[in-house]
Amino acid sequence: MQARVATAPEVGRVTYLNPTGFVHQVDRHLTRRLDSVAGKVAGLLDNGNDTSSYFFNSLAETLERDYGVSKVVLRTKFTSTRPAEQGLMDQMGAEADFLISGVAL
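In this text, all values refer to a predicted model and were calculated from it rather than measured experimentally. (Residues numbered from 1 in each chain as written. Predicted model: local features only at pLDDT ≥ 70, side-chain atom pairs only at ≥ 80, totals over all residues. Heavy atoms only, no water.)

Enquirer: Can you explain the nonpolar core? Please cite residues and give values.
Expert: In terms of nonpolar packing, the biggest core is built from 9 residues, these being Ala42, Leu44, Phe56, Leu59, Ala60, Leu63, Val69, Val72 and Phe98. Listing elements by their share of this core, those giving two or more residues are strand E3 (41-46) and helix H1 (52-67). (Core = buried A, V, L, I, M, F, W, Y, C linked by side-chain atoms within 4.5 Å. Buried < 20%, exposed > 50% of the residue type's maximum accessible area, 1.4 Å probe, protein only. Helix = DSSP H or I, 4+ residues; strand = E, 2+ residues; numbered from the N terminus.)

Have a look at this one:
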């Protein structure tokens, strides 16, 4: 099975379903994709779970060693139960060429 690759900006439709019956649809443009991550700065956002640091540290090493990422900016959210603070997201967006956020248990 081959993964689908987005090579050009596409418009997708996002549908939000509300249990009260209201449907909201929004057209979104996908962000331009990088041709390669080699030489780029990666931003990794750890969700703050107790055991997730092992995963994100390993991912950082793999990105640098196997994919040629020049630098990894690794930040951890204050808590996994709340969204990241806007200031943290703005800082990471300014420092990194691409961001990865996730849950690692």
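Enquirer: Please give an account of the pattern of salt bridges that cites residues and values.
Expert: Following the criterion strictly, the structure yields 2 salt bridges and no others. The salt bridge partner of aspartate 66 is arginine 65, with a shortest N-O separation of 3.0 Å. In this structure, arginine 75 engages glutamate 95 in a salt bridge whose closest nitrogen and oxygen atoms are separated by 3.2 Å. Linking arginine 75 in strand E4 (residues 71-76) with glutamate 95 in helix H2 (residues 86-95), this pair joins segments that are 20 residues apart in sequence. Among the residues examined, arginine 75 registers a relative accessible area of 26% and is labelled partly exposed. The partly exposed category is assigned to glutamate 95, whose relative accessible area is 31%. (Salt bridge = Lys/Arg side-chain N within 4 Å of Asp/Glu carboxyl O.)

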